[in-house]
Structure formats: C-alpha cells, structure tokens
Amino acid sequence: MTSPAPQLARRLGTRDAVIIGLGSMIGAGVFAAFGPAARAAGTGLLIGLVIAAVIAYCNATASAQLAATYPTSGGTYVYGREQLGHWWGFTAGWGFVVGKTASCAAMALTFATYAVPGPWWAQRLVAVAAVIGLAALNYRGVTRTAALTRVLVTATLIALATIVVGIAAGGAASADNLGGWHALGTGGIYGTLQAAGLLFFAFAGFARIATMGEEVRDPQRTIPRAIPIALGITVAVYVLVGAAALLAAGPDRLAAATAPLTEAVTAAGSPGLAPVVRIGGALASLGALLALIAGVGRTTLAMARNHDLPHWLSAVHPRHQVPHHAEITLAVVVGVLVLTTDLRSMIGFSSFGVLIYYLIANLSAARQRAEHRRWPRALNIVGAAGCVTLVATLPLPSVLTGLVMFAAGLLGRLLVLRAR
C-alpha cells in the first residue's frame, strides 16, 4: 500500500492571503503597463481598465469558488482535472508553469533594470542574485514568504501614493490633457480591447492565492474572502494611478514613454519624484517575483504528484513544509533564462497561457453543482467569453508562440502516456 503524498502546512490566514494576492497584482505592471495601453487606446485605456477589471472579477470569483471546494495546491490544474478531465487540467497547469516561469525571468530582469542603471552584465548578475535570494526565502517556509511580501507591498503602496500626491501637488495636471469625451474612442473597439488585455495581466496575480490553497487555514472561508478583497484594492490603486498619469502627461506622452510613471511625475512638475518611481518599480518587481516563485512551485508540486511532471518534484521538505525540489529546480531554470535570454520582449506566450488558464477555470466553475456555487454561473460565462476575446486581441506572434508551446506540452504528455 502506498503512503499518501506529504502535505503542506496550513499557516496562512486571510490577511496573509490578501497580502500575497496584492504582491502578485501590484507588481511592476503598474509602473509599465499604462504606456502600451495608451498606445493602443489613448485616453480609452480607462475604458480598457474597466473591462479588464470586470473580466478579472469574473475570473476571481471562479477561482475563489473552486479553491473553496478543492483546497489543495495547484489551482486550475486541479480544478480542470476534477471538473473537466485530466487533459484539461494538464493544459491549464502546463500553460501556468511554462508561462509563469518566463514571467519570473522577466520580473527578475525588470527588478534589475530599476535597481541597477549600469551595464547589462551587471543587471543580469543582480537579477540572478534576486532569484536565488527569494527562492532561498521561499525555501525557509511560507510564513517568511508572506512576511517579506507584506513589507514589499507596503513600500510599493507608499511609493504609489507618493507619486499620486506628487502629481496632484505639481500643479501641471489638467483634465485638458485627456482630450475630451471623444478621445475615449481614439483606439476604436480593437484598441480598447487590446488595452484591456494589456492591463488584465496586471490583475492576474489573484490566482496565486488559489494555487496556495493547501497552505491556507480554513480555506473554504479564507480564499473566497481574500481573492475579491485583494482584487478590489488593486483595482482602486490602478484607477487612481492611471487617472493621475493621464491627467499629468496625457495619452500621447504616456504612449511614447518607456517609463510612463516617470514621465507622468515629470510632466506634472514633480521631477524630483523620479527616484521614488525607480524604487517603487524595483520593490514591486521583487514582490511579484516572490509571489510568482511561490505560485509556480505549488502548481509544479501538484502536477508532479500526478506524474504530469517528474515525480521527484513532488517532494515536500520535512521541516519547512515547502515543495523544495520544485522551487530549487525553478530557481535554476529561471537563473539560466535570465543569463541567456532577454524575455521582457518575448513573453507574449505567457499572456496567452494565462488567458487559457483562466478560460479553463471559468469552464470548471460553470460545471460545479448548486451546493458548491457561491456566485452566479453567468459570471463564469462572462469570464470565459472575456478570456477568449482578449486572446483574440493579442499580437499574432504571441498567439502563434502560445499555440506552439501548448502543442509541445500536449504532445509530450501523449508520448509519455503511450510509453507507460
């Protein structure tokens, strides 16, 4: 008789779960996403932000409802397996692990760009050091992960509040920069939806709470509370920052800027706040990277338990109660990617993978019986339709790369199953 797989310790309360969700969502995206969104939709990025928030809310309720029913590591990998079948679960898990591993490397490079204005080789070394340091912290236990995330989120929110207040106090922000009501339609329907797609990925970190469901105390109560709270706070922060940036610089200057929030504080008459933007971006990148490492490690653990990834990765440390083999492997892979590839401009397939992941989450939640439902099924339908719509707005190279990634994973699983 085989022994049951070792379990992770339930050490996280509602506040810890909310903090981890905030650390995942209020990441480097808020310091960079408004530029590309302005290029796509101009002032209409505000409409895109609302659309992204609605779709994110639908996806969040699906994840929360499923996580309350299946309070174990793995997120939509587990939900897809239980509600739709093993192939659906594998598709979600594969997209999450591969796509978010690329995101880990990109976030490490983003941190280094903010923290070290020096040569590229120095930035690479700093990025690797960040990956090793945060992986080592995760290795020591989930409570340490939550504690550092709390510090990073608090510092990031202080930086963002300082930026918004500085824009208001600078004296140059004006509603005239918005271009009037007609400017909301500058990008047309496609441009507005593309802006929504770009901004959606800044919200997508709420899944990190669900992937860590095995480490949450009273998950049936904690997760359905933590996910909407974290998402609501993030939406409020993004609306404030986005509106302030547009009022300060206008859509054209934001669209042309490589660092949109730096451009916003400069245009508002507060150039002295540029270092605050740099510090905030570095801390936000670290917070997002820390949450990503934790989330990818837990999904890898779940897939390895079911032999969808090498079973060696399912080991749980006897003292620290973390998936240490999965996290060590992830740190090595991300470190290699950081040293060899510039993924910041090449992770479109990560966006593709995230949307497929949430599509499967919505389809899974729609299949749940009435006794397990906490929100109307209509939200699942809207969420699934939203994911499909946003996939259609992604650049063609991103879609093609994503299709190749999923084809490779599905074919690999088929060959392994036939070999068995």
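Structure's up top.
What you are looking at is a predicted structure, and each value in this text was computed from that prediction instead of being measured.

Rules of the game
Residues numbered from 1 in each chain as written. Predicted model: local features only at pLDDT ≥ 70, side-chain atom pairs only at ≥ 80, totals over all residues. Heavy atoms only, no water. Helix = DSSP H or I, 4+ residues; strand = E, 2+ residues; numbered from the N terminus. Rg over C-alpha atoms; globule rule 2.2 N^0.38 Å. Contact = heavy atoms within 4.5 Å. Areas by Shrake-Rupley, 256 points an atom, 1.4 Å probe, with all protein chains shown as cover. Lys, Arg positive; Asp, Glu negative; His and termini not counted. Charge placed at Lys NZ, Arg CZ, Asp CG, Glu CD. Salt bridge = Lys/Arg side-chain N within 4 Å of Asp/Glu carboxyl O. Buried < 20%, exposed > 50% of the residue type's maximum accessible area, 1.4 Å probe, protein only. Expected span 1.5 Å × (residues − 1). Core = buried A, V, L, I, M, F, W, Y, C linked by side-chain atoms within 4.5 Å. Axes fitted to C-alpha atoms, helices over the stretch in contact; angles between N-to-C directions. Parallel < 35°, antiparallel > 145°, perpendicular 65-115°, else oblique. Nonpolar A, V, L, I, M, F, W, Y, C, P; charged D, E, K, R; others polar. Polar contact = N/O pair within 3.5 Å; in protein donor to acceptor, adjacent residues only side chain to side chain. Patch = residues over 30% accessible without salt bridge, like charges linked within 9 Å, V, L, I, M, F, W, Y side chains within 5 Å.

Novice: Lay out the overall build of the protein chain with the relevant residues and their values.
Specialist: Regarding its fold elements, the protein chain presents 17 helices and zero strands. Relative to its length of 420 residues, the protein chain is compact, with a C-alpha radius of gyration of 21 Å against a globular reference of 22 Å. Principal-axis analysis of the C-alpha atoms gives the protein chain an extent of 70 × 45 × 40 Å. Here the analysis covers contacts within the protein chain between residues at least 6 apart in sequence; of these, 82% occur between residues at least 24 apart. Approximately 16200 Å² of the protein chain is accessible, and the part contributed by carbon and sulfur atoms is 68%. Side chains of the protein chain carry 28 positive and 12 negative charges; the gap between the two charge centres is 6 Å.

Novice: Give me the pattern of salt bridges: which residues, what numbers.
Specialist: Counted according to the given criterion, the structure contains six salt bridges. The partner of Asp308 in a salt bridge is Arg81, with the nearest N and O atoms 3.5 Å apart. Taken together, the positions of Asp308 in the loop between helix H13 (274-305) and helix H14 (324-340) and Arg81 in helix H5 (residues 76-83) put the pair 227 residues apart, joining distant regions of the chain. Accessibility classification places Asp308 together with Arg81 in one group, the buried group. Glu371 is the partner of Arg369 in a salt bridge, and the nearest nitrogen-oxygen pair spans 2.7 Å. A relative accessible area of 52% means that Arg369 is categorised as exposed. Accessibility expressed as a relative area gives 54% for Glu371, which makes it exposed.

Novice: Account for helix H16 (residues 377-393), with residues named and values stated.
Specialist: The end-to-end C-alpha distance of H16, which contains 17 residues, comes to 25 Å, matching closely the 24 Å that a straight helix rising 1.5 Å per residue would cover. For H16, the complete set of buried residues consists of Leu379, Asn380, Gly383, Ala384, Gly386, Cys387, Leu390, Val391 and Thr393.

Novice: Any chance you could break down unusual backbone geometry for me, citing the residues and the numbers?
Specialist: One non-glycine residue with positive phi stands out, namely His307, at about 65°. Position of His307 relative to the elements: it lies in the loop between H13 and H14. A relative accessible area of 40% places His307 in the partly exposed class.

Novice: Describe the nonpolar core, and please don't skip the residues or the numbers.
Specialist: Formed by 125 residues in total, the largest nonpolar core has its most connected members in Phe31, Leu160, Phe200 and Leu289. A total of 15 residues in this core trace back to one element, the largest contributor, which is helix H11 (residues 219-256). Setting aside residues no more than four positions away along its own chain, Leu289 makes contact with Cys104, Met107, Ala108, Ala130, Val131 and Leu134.

Novice: Which residues make up the packing of helix H9 (residues 188-203) against H16, and what are the values?
Specialist: The N-to-C vectors of H9 and H16 enclose an angle of 105°; their axes lie 9 Å apart at closest approach. The pairing of H9 with H16 is recorded here as roughly perpendicular in orientation. Here Tyr190, Leu193, Gln194, Ala196, Gly197 and Phe200 of H9 come into contact with H16, specifically with Thr389, Leu390, Ala392 and Thr393. Tallied by class, residues from the contact of H9 with H16 come to six nonpolar, four polar and no charged.

Novice: Please provide a residue-by-residue account of the environment of Arg253, values included.
Specialist: With respect to the helices and strands, Arg253 occurs in helix H11. Residue classification places Arg253 among the partly exposed residues on the basis of a relative accessible area of 39%. Along the primary structure Arg253 and Ala264 are separated by eleven residues, whereas in three dimensions their C-alpha atoms are 8.3 Å apart. For Arg253, the contacting residues outside a window of four places in its chain are Glu263 and Ala267. Separated by 2.6 Å, the side chains of Arg253 and Glu263 make a polar contact.

Novice: I'd love a proper account of helix H17 (residues 396-419), names of residues and values included.
Specialist: The terminal C-alpha atoms of H17 lie 35 Å apart, and with 24 residues this matches the ideal 34 Å at 1.5 Å per residue to within 8%. Among all positions in H17, only Ser398, Val399, Gly402, Met405, Phe406, Gly409 and Arg413 are buried.

Novice: Account for a nonpolar patch on the surface, with residues named and values stated.
Specialist: On the surface, Trp87, Leu411, Leu414, Leu415 and Leu417 cluster together to form a nonpolar patch covering roughly 440 Å² of accessible area. A per-element tally of the nonpolar patch places H17 first, with four residues. Following the sequence through the fold, Leu414 ends up in helix H17.

Novice: Tell me about the side chain of Thr156, and name the residues and values.
Specialist: Summarising the element assignment, Thr156 is placed in helix H8 (residues 142-170). Its relative accessible area of 2% is what places Thr156 among the buried residues. In this view, Thr156 contacts Ile26, Phe31, Gly280, Leu283 and Ala284; residues no more than four positions away in its chain are not counted.

Novice: Break down the environment of Arg377 for me, citing the residues and quoting the values.
Specialist: Considering the arrangement of structural elements, one finds Arg377 in helix H16. A residue is classified by how much of its surface remains accessible, and Arg377, at 37% relative accessible area, is partly exposed. Along the chain, Arg377 and Cys58 lie 319 residues apart, while their C-alpha atoms are 9.8 Å from each other. When near neighbours in sequence (up to four residues on either side) are disregarded, Arg377 contacts Ala366 and Gln368.

Novice: Run through the environment of Asn306, naming residues and quoting values.
Specialist: Tracing the backbone shows Asn306 in the loop between H13 and H14. Look at Asn306 and you get partly exposed, because its relative accessible area is 33%. Excluding anything up to four places from it in sequence, Asn306 contacts Tyr77 and Arg81. Within the local environment of Asn306, its side chain forms a polar contact with the side chain of Arg81, the two groups lying 3.5 Å apart.

By themselves, these are just geometric observations and shouldn't be taken as functional.
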